[in-house]
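Residue strings, one per chain:
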Amino acid sequence: MSGKVDKIDLNAPIVAGKSAAGFMLGMQKNDVSREVLDLFTVTEIINEYVKGTPLYKYYTDEVILFFEQDQLTQIGLFNNYKGTVCNELGLGSMVKDFEAAFGDMVEGDEDQLIFTNLKGLCIEVDSSAYTSANWKIEIPRQKVTEIYIYEE
């Protein structure tokens, strides 16, 4: 990547385990222009159980960037983000369509929804639409409301 990221690209493809919105996992915060960083609200995430490096969350209505030691470790996508995964799946797609493309949906270590054949990407849906008893039936009928990209 040459130069700095100088815009948030809400149409950029979603590449599981790699990139979205014009940002690459592993990039340094100083690879993002000051003008772009100024578009984000910043909060520090404190985990009282994990001592060590602070995690910073930079967010807009569409994109969240998580930086640890000024390195991008995760990208979250919401609302009006239009970019898609290789086969045109994205926000608003049905979970069952992700399952058809990427294998069974399973629950990850942190209750996130992941797919057996898609590493480095997890999704969220409206959690008010299902319970622990019916989630395997109800979640595939839901639309994807959040997508997260992380290094696998």
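Quick note: structure is the one above.
Below is a summary of the structure that appears in this document. Bear in mind that the values here come from a model prediction, so they are computed numbers and not experimental data. (Residues numbered from 1 in each chain as written. Predicted model: local features only at pLDDT ≥ 70, side-chain atom pairs only at ≥ 80, totals over all residues. Heavy atoms only, no water.)

1. Side note on a negative patch on the surface
Logical step 1: A surface patch of like charges, here negative, comprises Glu107, Asp109, Glu110 and Asp111.
Logical step 2: Residue Glu107 is classed as partly exposed on the basis of its relative accessible area, which comes to 42%. (Patch = residues over 30% accessible without salt bridge, like charges linked within 9 Å, V, L, I, M, F, W, Y side chains within 5 Å. Areas by Shrake-Rupley, 256 points an atom, 1.4 Å probe, with all protein chains shown as cover. Salt bridge = Lys/Arg side-chain N within 4 Å of Asp/Glu carboxyl O. Lys, Arg positive; Asp, Glu negative; His and termini not counted. Charge placed at Lys NZ, Arg CZ, Asp CG, Glu CD. Buried < 20%, exposed > 50% of the residue type's maximum accessible area, 1.4 Å probe, protein only.)

2. Some remarks on the pairing of strand S6 (residues 71-77)
Logical step 1: Of the strand pairs in this sheet, strand S5 (residues 63-68) and S6 are connected by six bridges, and their pairing is antiparallel. Within S6, the residue paired with Glu68 across the bridge is Gln71.
Logical step 2: Examined bridge by bridge, S6 and strand S10 (residues 146-150) share four bridges and lie antiparallel to one another. Counted as the bridge partner of Gln74 is Tyr150 from S10. (Pairing = 2+ DSSP bridges. Helix = DSSP H or I, 4+ residues; strand = E, 2+ residues; numbered from the N terminus.)

3. Some points on the side chain of Lys29
Logical step 1: With respect to the secondary-structure elements, Lys29 resides in the loop between strand S2 (23-24) and helix H1 (34-37).
Logical step 2: Relative accessible area serves as the criterion here: at 18%, Lys29 is assigned to the buried category.
Logical step 3: Beyond its immediate sequence surroundings of up to four residues, Lys29 is in contact with Leu37, Tyr58, Phe67 and Asp70. (Contact = heavy atoms within 4.5 Å.)

4. As for the environment of Glu68
Logical step 1: Inspection of the secondary structure assignment puts Glu68 in strand S5.
Logical step 2: Sequence separation between Glu68 and Leu55 is 13 residues, and the spatial gap between their C-alpha atoms is 4.8 Å.
Logical step 3: Apart from the residues lying within four places of it in its own chain, the contact partners of Glu68 are Thr53, Pro54, Leu55 and Thr73.

5. Looking at the packing of aromatic side chains
Logical step 1: Tallied over the entire structure, the rule returns six aromatic pairs.
Logical step 2: Their ring planes at 80° and their centres at 5.3 Å tell us that Tyr58 and Phe67 sit as a pair that is edge-to-face. A single burial state applies to Tyr58 and to Phe67, both of which are buried.
Logical step 3: Note on Phe78 and Tyr148: the rings are 5.8 Å apart at their centroids and 85° apart in plane angle, and the pair reads as edge-to-face. A residue pair is termed long-range when its members are at least 10 positions apart, and Phe78 in the loop between S6 and helix H2 (95-102) and Tyr148 in strand S10 qualify at 70 residues. As far as the burial class goes, Phe78 and Tyr148 line up, both buried.
Logical step 4: In textbook terms, an aromatic cluster arises when at least three aromatic residues are bridged by ring pairs, as seen for Phe23, Phe40, Tyr58 and Phe67.
Logical step 5: Here the basic side chain of Lys29 rests over the ring of Tyr56, its NZ or CZ set 6.0 Å away from the ring centre.
Logical step 6: Over the ring of Tyr59 we find Lys57, and its NZ or CZ is 5.2 Å from the ring centre. (Phe/Tyr/Trp six-rings, centres within 6.5 Å; stacked < 30°, edge-to-face > 60°. Lys NZ or Arg CZ within 6 Å of the ring centre and 35° of its normal.)

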